[in-house]
Amino acid sequence: MSTAGQIIRCRAAVAWEAGKPLVIEQVEVAPPQAMEVRVKILFTSLCHTDVYFWEAKGQTPLFPRIFGHEAGGVVESVGEGVTDLKPGDHVLPVFTGECKECRHCKSEESNMCDLLRINTDRGVMLNDGKARFSIGGRPIYHFVGTSTFSEYTVVHVGCLAKINPAAPLDKVCVLSCGISTGLGATLNVAKPTKGSSVAVFGLGAVGLAAAEGARIAGASRIIGVDLNAKRFEEAKKFGVTEFVNPKDHSKPVQEVIAEMTGGGVDRSVECTGSINAMISAFECVHDGWGVAVLVGVPNKDDAFKTHPMNLLNERTLKGTFFGNYKPRTDLPSVVEKYMNKELELEKFITHSVPFSEINKAFEYMLQGDGLRCIIHMDA
């Protein structure tokens, strides 16, 4: 029997307050309104951003809330005005969107949609300023427009990438956020050439995805920089050839890398959010042609400081958001990279838990144990 147009009752993992374990609740999910889509989530993953906002450190708390933004699912029903998705389509929800109508979306040089750019403070839908989740009439807030820790969720059509139905959702769901961010930072922004050298600062999931991008591009030297020596062995799986721990040196790490490479690397990608790492990433690239790409999000009071001669000597500093991928236009082709065995996703996935044990995924993340934990929604 079709559920289109009806309220759906399903399980969701609700965060009632900051830092407290999520509670599996029966929630009511309203039908999609204009330009909205209701999606049955089959697999979701836990990203550090979920943990950061769940802990409510340094931002405005908004509870009760349903977190989750890395996922794969199937369209259940569509709202008025939705023409490019239909029930049964396989989709990846994305924390940022592509309305296809604003100046950013129409520009080939940007993926920062005016309408659907990430908004971590908004807990409601754009159409009417209300939540689609409720328990006994009490609204439960959304998170970055996705809220994938629910068996069903409602998402703006512009935040859904339609993908190849043959792609295994338990693997490609990790492309909704961190992996695409790091991969695109290298392939779309740094653009290393075959045989070039690349330094990657921070060897978490995003940094390893940046290294994977360098491997795909054919870089001959991929230098991993991290303060945690335990990450070095794992990083070899992603093409990292050499390692530098700044704690092992008495001089700035950019000077160490310059000495290792005869003047600096061709490209660098910074994935930590540390302002010192950002400065090092920029100053370690070779003059004349070096390009540094900043991915990590700094603290709001940080300031980037370098000598202007570093720029005048023809080093380039760039920033990136979601790897410069337009979600609806570009993510389907990233999925195809995996289907064609060009991109390896399995090595990013270290754990798997049933939805009923979602708090274990948080424990793994907080312990620094592994990269991505896949949560099976039907278990």
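Note that this is a predicted model, so its numbers are computed, not measured. The numbering scheme is per chain: residues are counted from 1 as the chain's sequence reads. Selection of residues for local features in this predicted model requires a pLDDT of at least 70, selection of side-chain atom pairs for listing and counting requires 80 or more, and totals for whole chains, interfaces and linings are taken over all residues. With hydrogens and water excluded, all non-hydrogen atoms of the structure serve as input to the side-chain values.

### A word on the sheet that holds strand β7 (residues 138-140)
In short, DSSP must find at least two bridges between two strands for them to pair. Helical segments are the DSSP runs of H or I of at least four residues, strand segments are the runs of E of at least two, and each set is numbered from the N terminus. Overall, antiparallel pairing links the four strands, which are arranged β1-β2-β6-β7 in an open sheet. Both edges of this open sheet fall to β1 (8-14) and β7, since each of them pairs with a single strand only. Taken over all neighbouring pairs, the strand axes of this sheet differ in orientation by 50° on average, direction set aside. Axis lines are fitted through C-alpha atoms, for helices just across the contact stretch, and the angle between N-to-C directions can take any value from 0 to 180 degrees.

### What about the packing of helix α1 (residues 48-55) against helix α11 (residues 358-366)?
For the pair α1 and α11, the least separation of the axes is 11 Å and the interaxial angle reads 100°. By the angle between their directions, the pair α1 and α11 is classed as roughly perpendicular. Only Phe-362, Met-365 and Leu-366 of α11 make contact with α1, whose side of the interface consists of His-48, Val-51, Trp-54 and Glu-55. Following the grouping adopted for this structure description, the nonpolar residues are Ala, Val, Leu, Ile, Met, Phe, Trp, Tyr, Cys and Pro, the charged ones are Asp, Glu, Lys and Arg, and the polar ones are all others, Gly among them. Considering only residue class, the contact of α1 with α11 consists of five nonpolar, one polar and one charged. To sort the angles, those under 35 degrees are grouped as roughly parallel, those over 145 as roughly antiparallel, those from 65 to 115 as roughly perpendicular, and the leftovers as oblique. Contacts are assigned to residue pairs with any non-hydrogen atoms lying within 4.5 Å of each other.

### Some remarks on the packing of aromatic side chains
Pairing of aromatic side chains here covers Phe, Tyr and the six-membered ring of Trp, requires ring centres within 6.5 Å, and sorts the geometry by plane angle: under 30 degrees stacked, over 60 edge-to-face, intermediate tilted. Evaluation of the coordinates by the stated rule reveals 12 aromatic pairs. One aromatic cluster in this structure is built from Tyr-52, Phe-53, Phe-63, Phe-67 and Phe-143.

### Observations concerning the domain arrangement of the protein chain
Note that domain bounds follow an automatic or database assignment of domains. On domain assignment, one finds that the protein chain holds domain 1 (8-176 + 345-376) and domain 2 (179-321). For domain 1 and domain 2, the distance between their C-alpha centroids amounts to 30 Å. Opposite the 12 residues of domain 1 that make contact, domain 2 presents 12 residues. It is Lys-347, Phe-348 and Leu-371 that lose the most area in domain 1 upon contact with domain 2, and together they represent 51% of the buried surface on that side. Just to be clear on terms, a salt bridge is a Lys or Arg side-chain nitrogen sitting within 4 Å of an Asp or Glu carboxyl oxygen. Between domain 1 and domain 2 we count one salt bridge in total. Nitrogen and oxygen atoms within 3.5 Å of one another constitute a polar contact, given that in protein one can donate a hydrogen and the other can accept it, and given that sequence-neighbouring residues count only through two side-chain atoms. Where domain 1 touches domain 2, the interface holds four residue pairs in polar contact (both at pLDDT 80 or more). In terms of residue class, the side of domain 1 that touches domain 2 is made up of eight nonpolar, two polar and two charged. Buried area: the accessible area, evaluated with a 1.4 Å probe, that two parts lose upon being put together, summed over both parts.

### Describing helix α7 (residues 253-261)
Each full turn of the α-helix corresponds to 3.6 residues, which orients residues three or four apart in the same direction. When we look at burial in α7, the residues that qualify are Val-253, Gln-254, Val-256, Ile-257 and Thr-261. With its buried residues spanning 155° around the axis, α7 presents them on a single face. Its buried side turned inward, α7 meets β10 (197-201), β11 (221-225), β12 (242-244) and α8 (275-283). Relative accessibility under 20% of the residue-type maximum defines a buried residue, over 50% an exposed one, and the middle range a partly exposed one, all with a 1.4 Å probe and only protein chains included. In this description, the arc belongs to the directions extending from the helix axis to the C-beta atoms.

### Side note on the UniProt feature "domain: Alcohol dehydrogenase-like C-terminal" (unreviewed entry) in the protein chain
This chain's UniProt record puts "domain: Alcohol dehydrogenase-like C-terminal" (unreviewed entry) on residues 205-335. The distance separating the terminal C-alpha atoms of residues 205-335 is 17 Å; by composition the span is 37% helix and 15% strand. UniProt positions are given in the numbering used here, feature names are shortened, and annotations may be inferred rather than shown by experiment.

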